[in-house]
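Examination of the molecular architecture
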Amino acid sequence: NYTKVNFPMLWDTPVPRAQQLTFRERFSECGMVTLAAKEILEEILEADDLSADTRAHLEFLLDCATMGTKLCNQLTRYMDLYIEAESYLDFKNFKAPGGDLITRCEALIKDARREADLVKDDTRQPFDSGEGALLRRREMFEFVAYCAGQIIKSIKTKKRVPEDRRPLNVRSWW
């Protein structure tokens, strides 16, 4: 069931440092590849000789790549915050983080909620029975906002796992 949750790097479910760095690297690399795909699709869509069906399909892929680029960027930012926060927060001998960690968490929350709001009224239907890829994007941005908020709560309460932790969202269809 561990693999059926949104992500295995929830702030309130700590993972070892090596795994944190691996997730950060994967999100960063995925973001770069997705950005490259977005740029290629934009270039292809500049052509005038595309059929209507082909254009519609490529525009859909461009929309997915645009959203994916934003999401990967936010997940990379989240992992940067996660790694930094964990390096400050030794909950046996609590040390408040310096710098603007809370401010950067708040900025990420704001960005993630803005993206979640942009996709909430999407009228497209899911293309799989589990409402995967396309329609889970709102949930993904909400996940980023939630986790960044949990980091802030940990700093303020001096507890690694805040008391208002929400239950894991397990996907039964996997």
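Residues numbered from 1 in each chain as written. Predicted model: local features only at pLDDT ≥ 70, side-chain atom pairs only at ≥ 80, totals over all residues. Heavy atoms only, no water.

The next thing to look at is the environment of Ala-65. Here Ala-65 shows up in helix 2 (residues 52–88). The exposure class assigned to Ala-65 is buried, which follows from its relative accessible area of 8%. Here the alpha-carbon distance between Ala-65 and Gly-31, two residues 34 residues apart in the chain, equals 9.4 Å. With sequence-adjacent residues up to four places away left out, Ala-65 is seen in contact with Thr-34, Lys-38 and Leu-41. (Helix = DSSP H or I, 4+ residues; strand = E, 2+ residues; numbered from the N terminus. Buried < 20%, exposed > 50% of the residue type's maximum accessible area, 1.4 Å probe, protein only. Contact = heavy atoms within 4.5 Å.)

Looking now at the environment of Ser-87. If you trace the backbone, Ser-87 turns up in helix 2. Overall, Ser-87 belongs to the partly exposed group, its relative accessible area being 48%.

Averaged over every residue, the pLDDT of the protein chain is 82; the share at 70 or more is 78%. For residues 1–5, every residue scores under 50 in pLDDT, and the model assigns this stretch eleven contacts once sequence neighbours within four places are set aside. (pLDDT = per-residue confidence, 0-100.)

Attention now moves to the pattern of salt bridges. Using the criterion set out here, one finds nine salt bridges in the structure. The partner of Asp-111 in a salt bridge is Arg-77, and the shortest N-O contact between them spans 2.8 Å. Placement of Asp-111 in helix 3 (residues 101–119) and of Arg-77 in helix 2 is noted, with a sequence separation of 34 residues between them. Arg-104 is the salt-bridge partner of Glu-84, the closest N and O atoms lying 2.7 Å from each other. Taken together, the residues span a long stretch of sequence, with Glu-84 in helix 2 and Arg-104 in helix 3 at a distance of 20 residues. (Salt bridge = Lys/Arg side-chain N within 4 Å of Asp/Glu carboxyl O.)

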